[in-house]
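These are the residues of each chain, in order.
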Amino acid sequence: MVKMSDYAGKPPAWCPGCGNFAILTAVKRALVELDIEPYRVLMVSGIGQAGKLPHYTRCNVLNVLHGRTLPAAAGAKIANPELVVIAVGGDGDGYGEGGNHFLHSLRRNHDITYLVHNNQVYALTKGQASPTSDLGFVTKTTPHGAWMPLNSLAVAIAAGGSFVARGFAGDVDHLVGLIKKGMHHRGFALIDILQPCVSFNHKNTHAWYRERVYKLEDTDYDPSNRLAAFEKSQEWGDRIPIGVIYREDRATFEEQIPALKKGSLVKQKIDPRQVEVLMQEFV
Ligand SMILES: Cc1ncc(C[n+]2csc(CCOP(=O)(O)OP(=O)(O)O)c2C)c(N)n1
Ligand code: SF4
């Protein structure tokens, strides 16, 4: 049986009270509850406070450029579909720098779980407005207030996301359940997690989120209805829904690659003569 201590990494260097601690606990708990051994897991991240999460675990870790998390994670999954691939990043990393990769990962339906720590600010670089900052949010880069925020959940549904969910770092038990559901899902599972940044976002605080979030499971909401999901994704303000917003079953990217029918690329034999032919063609 896998234990929490199997995933214990270095002590985090986050500010006391940061929402990232709860997300770290939730990821480890989900992996332990699913009894997944660390050697089977690859965590991929870019740059940012959120991007440090894999460093504080003990499993395979790939740390790439800011905004380039998803193509690296997708490449690893294609090479070895047996890996459990979890991509991690901030809202700036995922929806700003990595916005293009976000769109195409959704439509291709790579079989990976993507956790976005959405603190509505660029935290590592000390508090600039991010793509999800609330309208009017004042920062050094937006002294007159941030403009229209990106609705990442609506974008995800529109771009063909097959699992679109929102969690809250202030409710670890609920978040563990969501991460487990995302990992069980065949295909790209986006979990946007409301993550209070106590140092650089004094508007969207723990208390601000807690007053507003409610669980979709406590209502009669049906996450299989795409139009209803799009409507639900617009809800933001006095009430903020958490839980699975949209879910559908469809073929994953990896299932559609003919070369993978013979098994993982990493396990397939390489014929040196074919490599030679390729070299001749390209050199
Ligand atoms: C291509 C590139 N652009 C900008 C930076 C500078 N940079 C490093 S971290 C960061 C902000 C990260 O914010 P976010 O992704 O929201 O994560 P958080 O720190 O809030 O968890 C920026 C702009 C960089 N390292 N590389
Ligand atoms: S700056 Fe914000 S996101 Fe970064 S560790 Fe501190 S509280 Fe967390």
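Residues numbered from 1 in each chain as written. Chains lettered and ligands numbered in written order. Predicted model: local features only at pLDDT ≥ 70, side-chain atom pairs only at ≥ 80, totals over all residues. Heavy atoms only, no water.

What about the overall build of the chain?
A count of helices and strands for the chain gives 9 helices and 10 strands. Computed over the C-alpha atoms, the radius of gyration of the chain is 19 Å, within 12% of the 19 Å expected from 2.2 N^0.38 for a compact globule of 283 residues. If one aligns the C-alpha atoms of the chain with their principal axes, the spans along those axes are about 65 × 45 × 40 Å. A total of 283 residues make up the chain; the buried ones form 52% of that total. Within the chain, contacts between residues at least 6 apart in sequence are counted, and of these 72% link residues at least 24 apart. Put simply, the chain shows about 13,500 Å² of open surface, and 58% of that area lies on carbon and sulfur atoms. Each charge class in the chain was averaged separately, 31 positive and 28 negative side chains, and the resulting centres sit 4 Å apart. (Helix = DSSP H or I, 4+ residues; strand = E, 2+ residues; numbered from the N terminus. Rg over C-alpha atoms; globule rule 2.2 N^0.38 Å. Buried < 20%, exposed > 50% of the residue type's maximum accessible area, 1.4 Å probe, protein only. Contact = heavy atoms within 4.5 Å. Areas by Shrake-Rupley, 256 points an atom, 1.4 Å probe, with all protein chains shown as cover. Lys, Arg positive; Asp, Glu negative; His and termini not counted. Charge placed at Lys NZ, Arg CZ, Asp CG, Glu CD.)

A look at the site of ligand 2
The environment of ligand 2 is made up of W14, C15, C18, N20, Q49, N119, A123, Q195, C197, V198, S199 and F200. Residues that form the shell around ligand 2 fall into these classes: 7 nonpolar, 5 polar and no charged. (Near = heavy atom within 4 Å. Nonpolar A, V, L, I, M, F, W, Y, C, P; charged D, E, K, R; others polar.)

Observations concerning the layout of surface pockets
A volume near 300 Å³ is recorded for the largest pocket. Surrounding the largest pocket, 16 residues form its lining, P149, L150, N151, S152 and W236 being those nearest its centre. At the level of elements, helix 5 (152-158) and strand 8 (189-194) are the ones that each hand at least two residues to the lining of the largest pocket. Its residues placed into classes, the lining of the largest pocket shows 6 nonpolar, 7 polar and 3 charged. (1 Å grid on protein atoms, 1.4 Å probe; cavity = no way out; pocket = protein on both sides within 12 Å on 5 of 7 lines; lining within 4 Å. Points joined across faces, edges and corners; volume = space filled by probe spheres on them.)

Side note on the packing of aromatic side chains
Evaluation of the coordinates by the stated rule reveals 8 aromatic pairs. On the basis of an interplanar angle of 50 degrees and a centroid distance of 6.0 Å, the ring pair of Y114 and F188 is categorised as tilted. Taken together, the residues Y114 in strand 4 (residues 113-118) and F188 in the loop between helix 6 (172-184) and strand 8 connect sequence positions 74 residues apart. The exposure class assigned to Y114 is buried, which follows from its relative accessible area of 1%. (Phe/Tyr/Trp six-rings, centres within 6.5 Å; stacked < 30°, edge-to-face > 60°.)

Quick notes on the site of ligand 1
Within the structure, ligand 1 sits among 16 residues, and Q49, A50, G92, D93 and L124 are positioned closest to it. Between G92 and ligand 1, the recorded distance is 2.9 Å, taken from a backbone N or O atom to an oxygen atom. For the shell around ligand 1, the elements supplying multiple residues, two or more each, are helix 3 (91-97) and strand 5 (121-122). Take the shell around ligand 1: its biggest share by element is 4 residues, from helix 3. (Polar contact = N/O pair within 3.5 Å; in protein donor to acceptor, adjacent residues only side chain to side chain.)

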